[in-house]
Amino acid sequence: MTCGNCGAAASQGPDGSWTCSNQCGWSSTTPTSAVMPEITSTRCQGCDAVVYGLDGRYACGLCSWSNNWDQGHRPLPAADTNTDDANALQ
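What comes next concerns the included structure. (Residues numbered from 1 in each chain as written. Predicted model: local features only at pLDDT ≥ 70, side-chain atom pairs only at ≥ 80, totals over all residues. Heavy atoms only, no water.)

Secondary structure summary: the chain contains one helix and four strands in total. In sequence order, the secondary structure elements of the chain are arranged as β-β-β-β-α. Across the 90 residues that make up the chain, the buried fraction comes to 21%. In the chain, 6% of the contacts between residues at least 6 apart in sequence involve partners at least 24 apart. (Helix = DSSP H or I, 4+ residues; strand = E, 2+ residues; numbered from the N terminus. Buried < 20%, exposed > 50% of the residue type's maximum accessible area, 1.4 Å probe, protein only. Contact = heavy atoms within 4.5 Å.)

In structure tokens:
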């Protein structure tokens, strides 16, 4: 198999996952198509200032206006359900 990032040879680990032999950081368990947020802008509905946000979610630092979370351009990422972290906090 070849690396999904740099094309070098990849080696298989004991758990069946693949890692890059060129040490570029790629592994078969790493998502290869991460979606980066888009920086967007609009006019503040409270004071008419120009505000910037990520994927259509805005908060104004001048008057504290913010739009609702469901008005964004994409769904929010799912919560991390790693129970090891949650148990460590208890």
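Read on, since the account is not over.
We now examine the nonpolar core. When a protein is soluble and globular, its nonpolar side chains tend to lie buried together. Cys44, Val51, Tyr58, Cys60 and Trp65 form the largest nonpolar core, which has five residues in total. Setting aside anything within four residues of it in sequence, one finds Cys44 in contact with Ala49, Val51, Cys60, Cys63 and Trp65. (Core = buried A, V, L, I, M, F, W, Y, C linked by side-chain atoms within 4.5 Å.)

As paired strands, strand E3 (residues 39-43) and strand E4 (residues 50-54) are joined by five bridges and run antiparallel to one another. Its bridge partner lying in E4, Arg43 is registered against Val50. Taking the residues between adjacent antiparallel strands as the criterion, E3 and E4 are bridged by six residues, where Asp48 takes a positive phi near 70°. (Pairing = 2+ DSSP bridges.)

Now for the environment of Leu76. Inspection of the secondary structure assignment puts Leu76 in the loop between E4 and helix H1 (83-89). We classify Leu76 as partly exposed; its relative accessible area is 46%. Once the C-alpha coordinates of Leu76 and Asp55 are considered, the two residues, 21 residues apart in sequence, prove to be 9.5 Å apart. The residues contacting Leu76, other than those within four sequence positions of it, are Arg57 and Trp69.

Among the secondary structure elements, Ser27 is positioned in the loop between strand E2 (18-20) and E3. Other than its neighbours up to four places away in sequence, Ser27 contacts Trp18 and Thr19.

This part is about a nonpolar patch on the surface. A grouping of Ile39, Val50, Tyr52 and Leu54 is seen on the molecular surface, where their side chains present a nonpolar patch of about 450 Å² in accessible area. Take the nonpolar patch: its biggest share by element is three residues, from E4. If you trace the backbone, Tyr52 turns up in strand E4. (Patch = residues over 30% accessible without salt bridge, like charges linked within 9 Å, V, L, I, M, F, W, Y side chains within 5 Å. Areas by Shrake-Rupley, 256 points an atom, 1.4 Å probe, with all protein chains shown as cover. Salt bridge = Lys/Arg side-chain N within 4 Å of Asp/Glu carboxyl O.)

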